[in-house]
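Listed here are the chains, written in short residue letters.
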Amino acid sequence: GSPLRFNSVARKAFAAGGSYEGMPPGQPLLLVFGGASVNDMLRNWALHVQRLALPYVVTCMDESLFTLAGNHGMPAAIFRGGSGEEASAGPGVVTTRWKYFRMDPRAFMTMGMLKVRFFLAFLRAGFDILCADLDVLWLRDPRPWVTGQVATSALISFADIVVSTDVTSDAAENDRASWGLAQELNTGMLLLRSSPGAAVVCEAWVDRMKQEMVSIEKLPKNMLQWWSNDQTFFNEVHMRATLDGFANPKATDAARRERAAEHLRSIDRRPARTAALDAALKRLGDMIAAGPAKAGELEDVRGLQFRSRIGCDGQHHSFAIGTFPYELFASGHTFFSQSLQLRRGFSPVAVHTTFQFCDTAEFAWGKRSRLRERLLWLPPPAPVF
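1. Quick notes on the overall build of the protein chain
Within the protein chain, the regular secondary structure consists of 14 helices and 13 strands. With 385 residues in all, the protein chain has 55% of them scored as buried. Within the protein chain, contacts between residues separated by at least 24 positions form 72% of all contacts whose residues are at least 6 apart in sequence. Of the roughly 16,700 Å² of accessible surface on the protein chain, 54% is carried by carbon and sulfur atoms.

2. Focus on the pattern of salt bridges
Going through the model one piece at a time under the given rule, you end up with 23 salt bridges. Here Arg344 and Asp170 are joined by a salt bridge, their closest N and O atoms 3.2 Å apart. Here Arg344, found in helix H13 (residues 340–344), pairs with Asp170, found in the loop between strand E7 (161–165) and strand E8 (185–192); they are 174 residues apart in sequence, far enough to count as distant. Assessed through its relative accessible area of 39%, Asp170 is described here as partly exposed. Between Glu258 and Arg265 there is a salt bridge, and its shortest N-O distance comes to 3.2 Å. Overall, Arg265 belongs to the partly exposed group, its relative accessible area being 28%.

3. So, helix H9 (residues 254–267)
Relative to the 20 Å expected for 14 residues at 1.5 Å per residue, H9 spans 20 Å between its end C-alpha atoms, a close match to the ideal helical length. Regarding H9, the residues found buried are Ala260, Ala261, His263, Leu264 and Ile267. All buried residues of H9 fall inside an arc of 165° around its axis, so they share one side. Along its buried surface, H9 packs onto helix H10 (271–290), strand E10 (305–310) and strand E11 (316–323). Between the side-chain oxygen at the start of H9 and the backbone nitrogen of Ala255 there is a gap of 2.9 Å, and the oxygen is on Asp253.

4. What to know about the nonpolar core
By size, the foremost hydrophobic cluster in this structure holds 62 residues, and its most contacted members are Trp45, Val58, Trp138 and Leu264. The greatest single-element share of this core, amounting to 6 residues, is contributed by H10. Dropping the residues within four chain positions of it, Val58 is found in contact with Val32, Leu42, Leu65, Met74, Pro75, Ala76 and Ala77.

5. Quick notes on the sheet that holds strand E1 (residues 4–6)
Taken together, the 10 strands give an open sheet; going across it, the order is E1-E4-E3-E2-E5-E8-E7-E11-E10-E9, and neighbouring strands pair in mixed fashion. Single-partner strands in this sheet number two, and they are E1 and strand E9 (242–243). Pairing of strand E3 (residues 56–60) with strand E4 (residues 76–79), which is carried by 2 bridges, proceeds in the parallel orientation. Bridge pairing in E4 links Val58 to Ala76. Sitting on the sheet, helix H2 (residues 39–51) is in contact with strand E2 (29–34), E3 and strand E5 (129–132), with an inclination near 165° to E3. The sheet contacts of helix H8 (residues 230–240) involve E7, E8, E9, E10 and E11, and relative to E8 the element is tilted by about 70°.

6. Brief notes about the sheet that holds strand E13 (residues 350–352)
The strand order across the open sheet built from 3 strands is E6-E13-E12, with neighbouring strands paired in mixed fashion. Both edges of this open sheet fall to strand E6 (136–138) and strand E12 (329–330), since each of them pairs with a single strand only. Here 2 bridges tie E12 to E13, and the two strands are oriented parallel to one another. Considered in E13, the bridge of Ala330 is made with Val351.

7. Quick look at empty space enclosed by the protein
Using the criterion set out here, one finds 4 cavities of 30 Å³ or more in the structure. Around the largest cavity, the lining residues are Gln27, Pro28, Leu29, Leu30, Leu54, Pro55, Leu130, Pro142, Arg143 and Val146. Where the lining of the largest cavity is concerned, the elements lending two or more residues are E2 and helix H6 (143–146). Among the residues forming the lining of the largest cavity, the class breakdown is 8 nonpolar, 1 polar and 1 charged.

8. So, the packing of H9 against H10
At a closest axis distance of 11 Å, the pairing of H9 and H10 adopts a crossing angle of 165°. Relative to H10, the element H9 is oriented roughly antiparallel. Crossing handedness for the pair H9 and H10: right-handed. Contact residues: H9 offers Arg257, Ala261, Leu264 and Arg265, while H10 offers Leu277, Asp278, Leu281 and Ile288. Of the residues belonging to the contact of H9 with H10, the class tally is 5 nonpolar, no polar and 3 charged.

9. Some remarks on the pairing of E4
The alternating pattern of E4 places Ala76 and Ile78 and Ala77 and Phe79 on opposite faces, both of which are buried. Running through helix H3 (residues 63–71), the crossover from E3 to the neighbouring parallel element E4 is right-handed.

10. Regarding unusual backbone geometry
For Ala53, which is not glycine, the phi torsion reads 55° and is therefore positive. Judged by its relative accessible area of 59%, Ala53 falls in the exposed class. One non-glycine residue, Ser339, lies in positive phi territory at about 50°. Judged by its relative accessible area of 18%, Ser339 is buried.

11. Quick look at the packing of aromatic side chains
Counted according to the given criterion, the structure contains 12 aromatic pairs. Relative to Phe122, the ring of Phe6 lies with its centre 6.3 Å away and its plane at 85°, an arrangement referred to as edge-to-face. Here Phe6, found in strand E1, pairs with Phe122, found in helix H5 (residues 105–124); they are 116 residues apart in sequence, far enough to count as distant. Taken as a pair, Phe6 and Phe122 share a single burial class, namely buried. Geometrically, the ring pair formed by Trp45 and Tyr56 is edge-to-face, given 5.5 Å between the ring centres and 75° between the ring planes. Separated by 11 residues along the polypeptide, Trp45 in helix H2 and Tyr56 in strand E3 bring together distant segments of the chain. You'll find Trp45 and Tyr56 in the same group, each marked buried. Within the aromatic cluster, the residues linked to one another by ring pairs are Phe6, Phe14, Phe122 and Phe127. One Lys or Arg, Arg117, reaches over the ring of Phe79 and ends 4.5 Å from the middle of that ring.

Definitions and cut-offs
Residues numbered from 1 in each chain as written. Predicted model: local features only at pLDDT ≥ 70, side-chain atom pairs only at ≥ 80, totals over all residues. Heavy atoms only, no water. Helix = DSSP H or I, 4+ residues; strand = E, 2+ residues; numbered from the N terminus. Buried < 20%, exposed > 50% of the residue type's maximum accessible area, 1.4 Å probe, protein only. Contact = heavy atoms within 4.5 Å. Areas by Shrake-Rupley, 256 points an atom, 1.4 Å probe, with all protein chains shown as cover. Salt bridge = Lys/Arg side-chain N within 4 Å of Asp/Glu carboxyl O. Expected span 1.5 Å × (residues − 1). Arc of directions from axis to C-beta. Polar contact = N/O pair within 3.5 Å; in protein donor to acceptor, adjacent residues only side chain to side chain. Core = buried A, V, L, I, M, F, W, Y, C linked by side-chain atoms within 4.5 Å. Pairing = 2+ DSSP bridges. Axes fitted to C-alpha atoms, helices over the stretch in contact; angles between N-to-C directions. 1 Å grid on protein atoms, 1.4 Å probe; cavity = no way out; pocket = protein on both sides within 12 Å on 5 of 7 lines; lining within 4 Å. Points joined across faces, edges and corners; volume = space filled by probe spheres on them. Nonpolar A, V, L, I, M, F, W, Y, C, P; charged D, E, K, R; others polar. Parallel < 35°, antiparallel > 145°, perpendicular 65-115°, else oblique. Left-handed = near helix turned anticlockwise from the far one by under 90°. Right-handed = clockwise from strand over helix to strand, strands pointing away. Phe/Tyr/Trp six-rings, centres within 6.5 Å; stacked < 30°, edge-to-face > 60°. Lys NZ or Arg CZ within 6 Å of the ring centre and 35° of its normal.

Written as structure tokens, this is what we have:
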């Protein structure tokens with residue numbers, strides 16, 4: 001059975017066949033995670049998601065948030081207690097003497113491991129998932145980008161993994177710069193397909209965090225923050241995977257395109273997804289055949305990298321990875337510091353409140369202040385007497 005326990009709101013949303021509110025193939029389930037100490041951040045996150053009518057589940061790091069989510073009508077999941085494989089994988093909840101997990105090295109790395117274990121639980125149950133940090137706000141519907149309805153996302157919508165970046169300019173947004181894949185990848189926004197490739201990355205990610213916990217356990221008990229976090233080790237797992245420099249769905253060489261196509265077809269063999277992929281690959285082939293007349297259009301299609309790792313089963317597993325467009329899936333640097341989207345006259349799909357300061361062990365005060373400045377903080381203010 002599932003290692004997860006769901007509240008009544010989530011149980012109602014899951015249909016008998018294992019789907020969630022009738023989601024079509026290729027559409028991911030939105031996941032967010034946190035603890036009760038940041039429940040105001042969760043309420044703000046949920047209000048934005050509910051405006052867009054996106055299907056979501058709150059993955060809870062403690063029982064208090066699990067209860068709170070149910071009280072507010074939010075679908076939620078938490079790891080079951082008990083023994084067995086899940087118990088040996090690590091604790092199913094996060095505890096800390098601080099209110100804000102981010103400031104406690106042990107709690108924050110424990111949360112990172114628990115978060116990826118949630119990812120694996122949903123992936124193994126057959127769900128594609130779009131994972132978001134609690135300080136990510138969804139301002140527009142991301143589904144056109146993750147399902148390939150937007151022409152420039154034709155390839156990334158079929159990848160095992162798509163991740164946001166900390167890219168701050170247009171310089172990395174092209175094939176020559178690998179669409180930011182050589183830069184810092186930010187796991188605050190992460191699309192994972194229910195595929196062996198995505199699973200092997202998540203398994204390696206958890207294992208690397210477990211290794212780091214050995215060092216963290218030696219730190220002074222009152223130490224605030226640490227040099228590493230879960231994102232550090234996602235980047236390490238990605239960069240240490242073997243690069244397949246031959247596979248390229250945008251190459252003029254048909255053999256290179258076919259190598260890439262073979263992997264992309266293996267990710268999801270459902271007829272609807274296979275048909276959509278074949279149509280997307282045909283459009284790319286037509287652009288390539290058209291030569292200079294379609295060169296600009298071809299260049300705008302976000303490319304992929306193909307890498308491989310040895311999984312827990314001792315076998316090599318390949319994965320295709322791409323990045324979200326940095327302007328639309330915005331970091332705090334582009335949105336708050338540069339006001340890039342405002343100056344260019346459009347709203348991003350999502351905003352991640354990174355590059356902010358003034359957070360303490362009590363709460364993410366700086367993040368909330370930034371959101372209030374941009375009128376993106378939706379919960380009503382607490383009464384003042």
